[in-house]
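Geometric and topological summary
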Amino acid sequence: MKLLPAKGLYAITDCENHTTDHLIRKTKQILQSGAVMLQYRNKYNDLATRELQARELKILCDNYNVPFIINDDIELAIAISADGVHLGKGDRSCDMARVLIGEQMIIGISCYNDLDRAIAAENTGATYIAFGAFFQTNTKKNTVRANPELIQEAKQRLKLPVVAIGGITLENGKLLVDAGADFLAVVSGIYRPDDPSRVTQSYVTLFDN
Ligand code: TZP
Ligand code: MG
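Summarised in this report is the structure supplied together with it. As the structure is a computational prediction, the values presented were derived from the model and not from experiment.

Definitions and limits used
- Numbering of residues begins from 1 in every chain and follows the order in which that chain's sequence is written.
- Whichever chain is written first becomes A and whichever ligand is written first becomes 1, with later ones labelled in order.
- Where totals are concerned, whole chains, interfaces and linings use all residues; where local detail is concerned, this predicted model gives features only for residues with pLDDT of at least 70, and gives and counts side-chain atom pairs only at 80 or more.
- Values shown for side chains rest on all heavy atoms present in the structure; no hydrogens or waters enter the calculation.
- Elements are defined by DSSP. Helices are runs of H or I of four residues or more, strands are runs of E of two residues or more, and each kind is numbered from the N terminus.
- Partly exposed describes any residue whose relative accessible area lies between the buried limit of under 20% and the exposed limit of over 50%, with all areas from a 1.4 Å probe on protein chains only and scaled to the type maximum.
- Residues are treated as being in contact if the distance between any of their heavy atoms lies within 4.5 Å.
- For two strands to be treated as a pair, DSSP must find at least two bridges joining them.
- A fitted line through C-alpha atoms represents every axis, and for helices the fit uses only the stretch in contact; the resulting angles, taken between N-to-C directions, go from 0 to 180 degrees.
- Here the coordinating atoms are restricted to nitrogen, oxygen and sulfur within 2.8 Å of the metal centre, or 3.2 Å for Na, K and Ca, and because water is not among them the sites may look incomplete.
- One heavy atom suffices: a residue is near a molecule or strand as soon as one of its heavy atoms comes within 4 Å of it.
- Contacts described as polar in this section are N or O atom pairs within 3.5 Å, which, within protein, must combine one atom able to donate a hydrogen with one able to accept it, while residues neighboring in sequence count only if both atoms come from side chains.
- Areas reported as accessible are Shrake-Rupley estimates using a 1.4 Å probe. Residue values count occlusion only from the protein chains shown.
- Cavities and pockets are defined on a 1 Å grid built over the protein atoms alone: a cavity is a set of grid points where a 1.4 Å probe fits but cannot escape, while a pocket is an open set with protein on both sides within 12 Å along at least five of seven lines, and lining residues are those with an atom within 4 Å of any such point.
- Any molecule with more than half of its atoms within 2 Å of a cavity's or pocket's grid points is counted as sitting in it.
- Under the grouping applied here, Gly and all other residues not named as nonpolar or charged are polar, the nonpolar ones being Ala, Val, Leu, Ile, Met, Phe, Trp, Tyr, Cys and Pro and the charged ones Asp, Glu, Lys and Arg.

Moving on, we get to the environment of glycine 167. For glycine 167, the position within the fold is in the loop between strand E7 (162-165) and helix H7 (173-179). Taking relative accessible area as the criterion, glycine 167 reaches 21% and is therefore assigned partly exposed. Each C-alpha atom of the pair glycine 167 and glycine 132 lies 9.0 Å from the other, and the pair is 35 residues apart in sequence. In this view, glycine 167 contacts Phe135, Gln136, Thr137 and Asn172; residues no more than four positions away in its chain are not counted.

A few words on unusual backbone geometry. Of the consecutive residues glycine 132 and alanine 133, the connecting peptide bond is found in the cis state with omega at 20 degrees. Tracing the sequence through the fold places alanine 133 in the loop between strand E6 (128-132) and helix H6 (149-157). At aspartate 72, a residue that is not glycine, the phi angle is positive and equals roughly 75 degrees. Examined against the element boundaries, aspartate 72 turns out to sit in the loop between strand E3 (68-71) and helix H3 (74-79). The residue serine 81 is not glycine, and still its phi comes out positive at about 55 degrees.

Taking strand neighbours around the barrel as the criterion, the eight strands line up as E1-E2-E3-E4-E5-E6-E7-E8 in a closed arrangement whose pairing is parallel. Ignoring strand direction, the axes of neighbouring strands in this sheet form an average angle of 25 degrees. Pairing of strand E1 (residues 8-12) with strand E2 (residues 37-40) involves three bridges; the strand directions are parallel. Residue pairing across strands places tyrosine 10 opposite methionine 37, the latter belonging to E2. Strand contacts of helix H4 (residues 94-101): strand E4 (84-87) and strand E5 (106-110), with the helix running at about 160 degrees to E5, the strand carrying the most contacts.

Surrounding the magnesium ion (ligand 2) are the protein donor atoms Asp72 (OD) and Asp91 (OD), at 1.9 to 2.2 Å. One end of the pair, aspartate 72, is in the loop between E3 and H3; the other, aspartate 91, is in the loop between E4 and H4, and 19 residues separate them in sequence. According to the relative accessible area criterion, aspartate 72 is partly exposed, its value standing at 29%.

Looking now at the environment of tyrosine 44. Relative to the elements of secondary structure, tyrosine 44 occurs in the loop between E2 and helix H2 (47-64). Note on tyrosine 44: relative accessible area 36%, which makes it partly exposed.

Neighbouring residues of ligand 1: Arg41, Ala133, Thr137, Thr139, Lys140, Thr143, Ile165, Gly166, Gly167, Val186, Val187 and Ser188. Valine 187 places a polar main-chain atom, nitrogen or oxygen, 3.0 Å from an oxygen atom of ligand 1. For ligand 1, the protein covers 93% of the area, taking 370 Å² as the surface of the free molecule. More than half of the atoms of ligand 1 fall within 2 Å of the grid points belonging to the largest pocket. Looking at the shell around ligand 1, its residues break down into four nonpolar, six polar and two charged.

Set out below in structure tokens:
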């Protein structure tokens, strides 16, 4: 079981626009280029495909010693010995997830723009908190918009690491890091190019002092 890194680029898979082969190839380039954590987010394929992809990605993450987090599906995370789960409002609660997966696995909780939800998650066993969408995104419908000032407030009120998500680019990402974001979670910014290596390296430099 891997521990949460201190900070860095948190890659989230774009499964809507990639075949399994492309997903694996691009993810390898992304990990090679310095992403510190990977979330498998697939709301598009059947369970058999999702399990197959998740198993392959888990092996990749192990090779790079990067925590592998599964979105939504606690059972899949347990079945393939993932390093953690990421849960939102429609999923199992944080305290229920903690009972199901035990003390060691990472639990990330989506909190949108809601600091009270984040405080509740911190008190019920979460490992990190995610806020967003901070900017316009085409990857997820019906997002709630969060203001970057929320990160500063969250860093004062919470002990847990904070992940920022939603429309993060090389241009706007630094502002979120300066506000205190420990991780930038990015989908299209890194998965859109045919070879994600250079853009991934550029996102990684946003964490340089
Ligand atoms: N949750 C809030 S915004 C978002 C999710 C999963 C999508 C982020 O994708 P992108 O392409 O980095 O804007
Ligand atoms: Mg979910």
